[in-house]
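What the coordinates show
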Amino acid sequence: MSFPFRPRVVGWELTLRCNMRCLHCGSSAGAPRPGELSEAEGLGLISQLVDLGAEVLTLSGGEPLLHPSWGKYARKLVDSGVSTYMITNALLLEENIPKVLDSGLRRIGVSIDGMEVAHDRIRNHPGSFACALRAALAAKKAGLSVGAVTHVSKANAKDLEAMHRAFSDAGLDYWQVQITFKQGRMKEHEDFSLDPSELPGLSLFVHEKQRAKGGLKVVAGDNLGYYCSPPIRDKEWKGCFAGRHLAGIDADGSVKGCLSLPREFVEGNVRKEPLRKIWEDPQRFKFNRYFSPDMLEGSCKGCPKAKPCRAGCAVTAYSATGSRFNNPYCVFGVLRGRKNP
């Protein structure tokens, strides 16, 4: 019998090095992670991922464009049939567009977290909004599919309408909207965090923009929503895929169920063991591979959506409450609580 889980979707932190010091950064990026993989190790990792059946991979960081081998990695992934994307803060994107095209990458996500004042404040980098938008437009002109990726917090929520207009006017292809995790540097700025009571309004905004006329596709991130009415997903939420069909690889070769999970969730390292051995060990990734409703705690306990949902996004739950199985950031739960106080 074949193993029931495979890492179809992968997030790979090429380096923790970053040319920004964003206030909301969940991984506190800046300096390189100690012991980052060499180019040879990175190429070997790609071979292992392809062998395990990876279908979609996002090159991330830190800032992936600071890694000297990103182009070579992208080329190997694309040539191996893996749909490969990159998330970048765009400070270096415009000058790298020819290299992006040569690498085979065809889709780029640009992190934009507000209009100019809010974005530059959150990103802790004056002029970064103008740079990101200019680079996104240049990438679009070069024929790339380009979208914006936004972490919503109290620091930028008031900008959402203006952002939708700006991204639509710029001709971006998509806009991914998610909420900010309470981890990394965000722990120093918890006053930015949304209250769960604000989620229904945010979800309604996403729903309305998804149905607005125009070319901008608005996508709900995996930590937003859950059984919303009106809906913000084409298909019903089927639970967090971390460690099931989703994997994260840190820059030092550490393997997690999701790249956004903190280091407490490391299950092994490709320097010490083959990736297949780590992935197919039934004793690992237990936090998300094995579930029964009696595991639920706090705001999730007794929920009628327990089995399909499994407490939503593992990262959001853990960063908010310290428990994988207690997630107050759930629209269904908030609305249900209002109806049944």
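Each remark here, short or long, concerns the structure printed above.
Residue positions within a chain follow its written sequence, with the count starting from 1. Totals for whole chains, interfaces and linings use all residues, but because this is a predicted model, local features are given only for residues with pLDDT of at least 70 and pairs of side-chain atoms are given and counted only at 80 or more. Calculated side-chain values reflect all of the structure's heavy atoms, with hydrogen atoms and water omitted.

1. As for the overall build of the protein
This is how the line gets drawn: Secondary structure elements are defined from DSSP: runs of H or I of at least 4 residues count as helices, runs of E of at least 2 residues count as strands, and each element is numbered from the N terminus. Relative accessibility thresholds used throughout: buried, under 20% of the residue-type maximum; exposed, over 50%; partly exposed, between the two (1.4 Å probe, protein chains only). Between two residues, a contact is recorded if the distance between any of their heavy atoms is within 4.5 Å. For the area figures, the Shrake-Rupley method with a 1.4 Å probe applies, and any residue is considered shielded solely by the protein chains shown. Just so you know, the count uses Lys and Arg for positive and Asp and Glu for negative, and it drops His and the chain ends. Taken as the charge centre is NZ of Lys, CZ of Arg, CG of Asp or CD of Glu, depending on the residue.
Helix and strand counts for the protein stand at 12 helices and 10 strands. Taking the principal axes of its C-alpha atoms as reference, the protein extends roughly 55 × 50 × 35 Å. Here the protein holds 341 residues, and 55% of them are scored as buried. The long-range share in the protein, meaning contacts at least 24 apart out of those at least 6 apart in sequence, stands at 69%. Taken as a whole, the protein presents about 14700 Å² of accessible surface, with 52% of it coming from carbon and sulfur. For the protein, the separation between the mean place of its 47 positive charges and that of its 36 negative charges on side chains is 4 Å.

2. A few points about the packing of helix α2 (residues 70-79) against helix α3 (residues 93-103)
Cut-off, in case you're wondering: Angles shown run from 0 to 180 degrees and are taken between the N-to-C directions of axes, each axis being a line fitted to C-alpha atoms and, for helices, limited to the stretch in contact. Comment on the angle field: the value is read as roughly parallel under 35 degrees, roughly antiparallel over 145, roughly perpendicular from 65 to 115, and oblique elsewhere. The nonpolar class holds Ala, Val, Leu, Ile, Met, Phe, Trp, Tyr, Cys and Pro. Asp, Glu, Lys and Arg form the charged class, and all remaining residues, Gly among them, are polar.
Following both chains from N to C, one finds α2 and α3 inclined at 30°, their axes separated by 8 Å at the closest point. When the axes of α2 and α3 are compared, the pair comes out roughly parallel. Counted together, Trp70, Gly71, Ala74, Arg75 and Val78 of α2 and Asn96, Lys99, Val100, Asp102 and Ser103 of α3 form the full contact between these two elements. Of the residues in the contact of α2 with α3, the class split is 4 nonpolar, 3 polar and 3 charged.

3. Let's talk about the nonpolar core
Selection rule: Among buried residues, the Ala, Val, Leu, Ile, Met, Phe, Trp, Tyr and Cys ones that are joined through side-chain atoms within 4.5 Å form a nonpolar core.
With 86 residues, the main nonpolar core has Trp12, Leu59, Leu93, Val110, Phe167, Trp175 and Leu224 as its most contacted residues. Counting residues per element, this core draws most heavily on helix α5 (residues 128-141), at 6 residues. One finds Cys18, Met20, Leu91 and Cys131 within the second-largest nonpolar core, a separate group that totals 8 residues.

4. Brief notes about the packing of α3 against α5
Note the threshold: We call a crossing left-handed when the near helix sits turned anticlockwise from the far one by less than a right angle, and right-handed when that turn is clockwise.
Put simply, α3 and α5 touch, their axes get as near as 9 Å, and they point 25° apart. With respect to their mutual orientation, α3 and α5 come out roughly parallel. Viewed along their axes, α3 and α5 form a crossing whose handedness is right-handed. Each of Leu93, Glu94 and Ile97 in α3 lies in contact with α5, whose residues at this interface are Arg134, Ala135, Ala138 and Ala139.

5. Details of the sheet that holds strand β4 (residues 107-111)
Put simply, the rule is: The criterion for strand pairing is that DSSP finds at least two bridges linking the strands in question.
Ordered by their spatial adjacency, 10 strands build an open sheet running β7-β6-β5-β4-β3-β2-β1-β8-β9-β10, and the pairing between neighbours is mixed. In this open sheet, the two strands that pair with only one neighbour each are β7 (217-220) and β10 (268-269). Pairing between β4 and strand β5 (residues 145-152): 5 bridges, direction parallel. Within the sheet, the bridge partner assigned to Val110 lies in β5 and is Ala148.

6. A short note on the state of the cysteines
Put simply, the rule reads: By disulfide we mean two sulfur atoms from cysteines, separated by a distance within 2.5 Å.
Applying the stated criterion across every chain, the model contains 0 disulfides. The closest cysteine sulfur to the non-disulfide-bonded Cys228 is located on Cys330, 7.8 Å from its own sulfur. Cys330 takes part in no disulfide bond, and the closest cysteine sulfur, belonging to Cys309, lies 5.7 Å away.

7. Describing the side chain of His164
Here His164 shows up in helix α6 (residues 160-170). For His164, the residues in contact, after removing those within four places along its chain, are Trp175, Phe205, Lys209, Leu216 and Val218.

8. Notes on the environment of Cys22
Along the polypeptide, Cys22 turns up in the loop between β1 (9-13) and α1 (39-52). Here the alpha-carbon distance between Cys22 and Asp113, two residues 91 residues apart in the chain, equals 10 Å.

9. Things to note about the pairing of strand β6 (residues 174-179)
We apply this condition: Here the term right-handed applies to a crossover when the path leading from its first strand over the helix to its second strand runs clockwise, the strands being oriented away from the viewer.
The element β6 is largely enclosed, with a buried count of 5 among its 6 residues. Two elements, β5 and β6, share 6 bridges in a ladder whose sense is parallel. Each bridged residue has a counterpart across the sheet, and for Ala148 the counterpart in β6 is Trp175. With α6 bridging β5 and the parallel β6, this β-α-β connection has right-handed handedness.

10. Focus: the pattern of salt bridges
The condition is simple: We count a salt bridge whenever a side-chain nitrogen from Lys or Arg sits within 4 Å of a carboxyl oxygen from Asp or Glu.
The final tally for this structure, using the stated rule, is 22 salt bridges. When the shortest N-O distance is used, the salt bridge between Arg75 and Asp79 registers 3.1 Å. Pair noted here: Arg75 and Asp79 are both in helix α2, with a separation of 4 residues, about one helical turn. In this structure Asp79 comes out as exposed when scored by relative accessible area, which is 56%. One salt bridge in this structure joins Asp252 and Arg263, with 2.8 Å as the shortest N-O distance.

11. Overview of the side chain of Arg284
The criterion, for reference: Here a polar contact is taken to be a pair of N or O atoms separated by no more than 3.5 Å, where protein atoms must pair a possible hydrogen donor with a possible acceptor and residues adjacent in sequence count only if both atoms sit in side chains.
Structurally, Arg284 is set in the loop between α8 (275-279) and α9 (286-289). Judged by its relative accessible area of 12%, Arg284 is buried. Only 2.8 Å separates the side chain of Arg284 from the backbone oxygen of Glu267, close enough to count as a polar contact. In contact with Arg284, not counting residues within four places along its chain, are Glu267, Gly268, Glu273, Lys277, Ile278 and Arg289.

12. Digging into the packing of aromatic side chains
What counts here: Classification of ring pairs uses Phe, Tyr and Trp, with its six-membered ring standing for Trp, and accepts pairs whose centres are within 6.5 Å; under 30 degrees between planes counts as stacked, over 60 as edge-to-face, and the remaining range as tilted. Remark: a charge is flagged as sitting over a ring if the NZ atom of Lys or the CZ atom of Arg is within 6 Å of the ring centre and within 35 degrees of the ring normal.
In total, this model carries 10 aromatic pairs according to the counting rule given. Look at Phe265 and Phe287: their rings are 5.1 Å apart centre to centre, the planes differ by 75°, and that puts the pair in the edge-to-face class. Residue Phe265 is found in the loop between β9 (254-256) and β10, and its partner Phe287 is found in helix α9; the two are separated by 22 residues along the sequence. Overall, Phe265 belongs to the buried group, its relative accessible area being 10%. For Phe287, a relative accessible area of 13% puts it in the buried group. Put simply, the rings of Phe167, Trp175 and Phe205 pair up and form one aromatic cluster. Over the face of the ring belonging to Tyr85 we find Arg107, whose NZ or CZ atom lies 5.1 Å from the ring centre. Here Arg107 stacks its cationic end above the ring of Tyr174, 4.2 Å away from the centre of that ring.

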